[in-house]
There are 2 protein chains.
Amino acid sequence: MSKLREPARSPVEACCTPLVGQELSVEQSELMAAMFKALGDPVRLRLFSKIASHPDGEACVCDISDVGVSQPTVSHHLKRLREAGLLTSERRGTWVYYRVTPSALGAMSGMLSADA
Amino acid sequence: MSKLREPARSPVEACCTPLVGQELSVEQSELMAAMFKALGDPVRLRLFSKIASHPDGEACVCDISDVGVSQPTVSHHLKRLREAGLLTSERRGTWVYYRVTPSALGAMSGMLSADA
DNA sequence: TGCTTGATTCGACGTTCATCGATGTGCCCT
DNA sequence: AGGGCACATCGATGAACGTCGAATCAAGCA
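Please read these numbers as outputs of a predicted model, since none were measured by experiment. (Residues numbered from 1 in each chain as written. Chains lettered and ligands numbered in written order. Predicted model: local features only at pLDDT ≥ 70, side-chain atom pairs only at ≥ 80, totals over all residues. Heavy atoms only, no water.)

A few words on the state of the cysteines. Residues and elements named next belong to chain A. Here the structure, examined in full by the defined rule, presents two disulfides over all chains. Put simply, Cys 60 and Cys 62 are joined by a disulfide, and their sulfur atoms are 2.2 Å apart. Between Cys 60 and Cys 62 the sulfur-sulfur dihedral comes to about 140 degrees; the bridge is accordingly right-handed. Among the residues examined, Cys 60 registers a relative accessible area of 3% and is labelled buried. (Disulfide = S-S within 2.5 Å. Buried < 20%, exposed > 50% of the residue type's maximum accessible area, 1.4 Å probe, protein only.)

A word on the relation of the copies chain B and chain A. Under the fitted operation, chain B is carried onto chain A by 0.0 Å of movement along the axis and a turn of 180 degrees, and the coordinates agree to an RMSD of 0.1 Å. Expressed as a symmetry operation, the mapping of one chain copy onto the other fits a two-fold axis. An overlap of 100% is found between the interface residues of chain B and their copies at the interface of chain A, pointing to a shared contact surface. (Least-squares fit on C-alpha atoms with pLDDT ≥ 70 in both. Contact = heavy atoms within 4.5 Å.)

Another point: the protein's contact with DNA strand D. Taken together, 24 residues sit near DNA strand D, with Tyr 98 of chain A together with Arg 44, Ser 70, Thr 73 and His 77 of chain B positioned nearest. Counting only the atoms of DNA strand D that lie within 4 Å of the protein, the sugar and phosphate share comes to 76%. The backbone of Ser 70 of chain B places a nitrogen or oxygen atom 2.7 Å from a phosphate oxygen of DNA strand D. In this structure, His 77 of chain B approaches DNA strand D through a side-chain N or O atom, which is 2.4 Å from a phosphate oxygen. Mapped onto the surface near DNA strand D, the elements with two or more residues apiece are helix 4 (61-64), helix 5 (71-83) and strand 3 (95-100) of chain A together with helix 5 (71-83) of chain B. (Near = heavy atom within 4 Å. Polar contact = N/O pair within 3.5 Å; in protein donor to acceptor, adjacent residues only side chain to side chain. Helix = DSSP H or I, 4+ residues; strand = E, 2+ residues; numbered from the N terminus.)

This next bit is on the pattern of salt bridges. When the charged atoms of two side chains with opposite charge come close together, those side chains can pair. Residue and element names in this part refer to chain A. The tally for this structure, following the rule as stated, stands at eight salt bridges over all chains. One salt bridge in this structure joins Glu 90 and Arg 92, with 3.0 Å as the shortest N-O distance. Judged by relative accessible area, which is 41%, Glu 90 ranks as partly exposed. Judged by relative accessible area, which is 36%, Arg 92 ranks as partly exposed. Each of Glu 58, Glu 90, Arg 92 and Arg 99 takes part in one network of salt bridges that share partners. (Salt bridge = Lys/Arg side-chain N within 4 Å of Asp/Glu carboxyl O.)

All names here are of chain A. Spatial ordering of the open sheet is given by 1-3-2, a layout of three strands whose pairing is antiparallel. Bordering the open sheet on either side are strand 1 (58-60) and strand 2 (87-92), each of which pairs with just one other strand. Each adjacent strand pair in this sheet contributes to an overall mean axis angle of 25 degrees, direction not counted. Note that strand 2 and strand 3 share six bridges and pair antiparallel. In the sheet register, Leu 87 faces strand 3, and the bridge partner there is Val 100. Sitting on the sheet, helix 3 (residues 42-52) is in contact with strand 1, strand 2 and strand 3, with an inclination near 90 degrees to strand 3. (Pairing = 2+ DSSP bridges. Axes fitted to C-alpha atoms, helices over the stretch in contact; angles between N-to-C directions.)

Spelled out as structure tokens, the structure:
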């Protein structure tokens, strides 16, 4: 119905359907693939994990930069995670704090859960 | 303890830790990133979805090949999904049947669930 | 033995990506 | 104003990736 007329801008809106329930549409697959792709790099996954497991749910770049690559590369990966909708960033004074987008996590795990 | 001495060959064994619980080790991140990477392509995600949502939990290649790319490309993507441990394949007569590795799905969704 | 259909492998081509050093920007402190 | 720190952007480079047509393999059938 009207669902077809709203293109579902955010990956989060795009998926609440469990993978095993019914096959994905082309649009859904493109949005979700972008999120999976963002986590499909060891360095990015570690950065994401460091942020997600941080006490206050947020971490400054300096807290998580120790992943074995140069600082520009860390910044590059954080940007990709941000562009995929998995992270948000906020500058407070000298430091920039990153935080996991909660609904994004839910969308991915919801899709992978076998509840159908 | 002894956990450190067994390298956790399979991605499934490697991860049962929720992402938000504690940060991933280097080995864990590499194994899990390979699985996410495998789903990080729209065509592969649709193939995976088609198999996962198939009635008997398995599908022959001919049932899922209609994803808009050539047949060698389909085969290539199925191979990548197999190598990531997400699918298993079995030849029965003329056709080859693919099936989702159940524990792989569980590992990924378990990692993304926020239960900590 | 040949022929047909289903599926994988091979070789090539253009694109995307991860990585780095150098440079730029924003903020704080003296 | 000036210097120093945290982080982002730029430009380049080599590797990995997605895609295809052609060739190959595997199984069934005449």
